Amino acid sequence: VQLQASGGGLMQAGGSLRLSCAASGGTFSTYSLGWFRQAPGKEREFVACINWNGGSTNYADSVKGRFTISRDNAKNTVYLQMNSLKPEDTAVYYCAKSNLGGTSGQLRDYGSWGQGTQVTVSS
């Protein structure tokens with residue numbers, strides 16, 4: 001499975017961005033997907049994930065109520081809608097395919113990773 005993330009950019013605090021992650025290879029509608037992020041000097045951390053049909057989602061406490069993950073299985077794409085952005089959301093955002101079903105937030109449960117897209121939020 002190859003994953004291609006896009007949609008990052010520079011945004012002022014309080015603004016919104018939508019990230020996309022297009023998948024190729026494999027059967028998209030059968031696996032869970034997650035978004036992670038990594039800020040400079042910090043470890044990669046979980047942001048959100050979604051199960052195979054979009055019926056179950058999981059969010060990090062730091063983004064709950066502001067970010068929404070969704071997927072379109074007809075387009076082989078997963079999205080991350082980010083609202084009310086804060087400077088602390090600045091990071092490279094990665095999408096990844098889960099090796100398990102469900103909605104794990106554990107980095108070790110994810111295999112294929114996209115190349116990342118930079119999100120910068122200015123104050």
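Here is a short report on the structure shown in this document. (Residues numbered from 1 in each chain as written. Predicted model: local features only at pLDDT ≥ 70, side-chain atom pairs only at ≥ 80, totals over all residues. Heavy atoms only, no water.)

### Considering the pattern of salt bridges
Okay, so step 1: Tallied over the full model, the rule gives four salt bridges.
Okay, so step 2: Here Arg37 ties to Asp89 by a salt bridge, and the two come within 2.9 Å at their closest N and O atoms. Note that Arg37 is positioned in strand 4 (residues 33-38) and Asp89 in the loop between strand 8 (77-82) and strand 9 (91-98), a separation of 52 residues in sequence. Like Asp89, Arg37 is buried.
Okay, so step 3: Members of the salt-bridge network, linked through shared partners, are Arg37, Glu45, Arg66 and Asp89. (Salt bridge = Lys/Arg side-chain N within 4 Å of Asp/Glu carboxyl O. Helix = DSSP H or I, 4+ residues; strand = E, 2+ residues; numbered from the N terminus. Buried < 20%, exposed > 50% of the residue type's maximum accessible area, 1.4 Å probe, protein only.)

### Digging into the sheet that holds strand 8
Okay, so step 1: What the four strands build is an open sheet, ordered 1-3-8-7; its pairing is antiparallel. Of all strands in the sheet, those bounded by a partner on one side alone are strand 1 (2-6) and strand 7 (67-72). Across this sheet, the average inter-strand angle for adjacent strands is 15 degrees, counted without regard to direction.
Okay, so step 2: In this sheet, strand 8 lies alongside strand 7 in antiparallel orientation, the contact comprising six bridges. Of the residues in strand 8, the one forming a bridge with Ser70 is Tyr79. (Pairing = 2+ DSSP bridges. Axes fitted to C-alpha atoms, helices over the stretch in contact; angles between N-to-C directions.)

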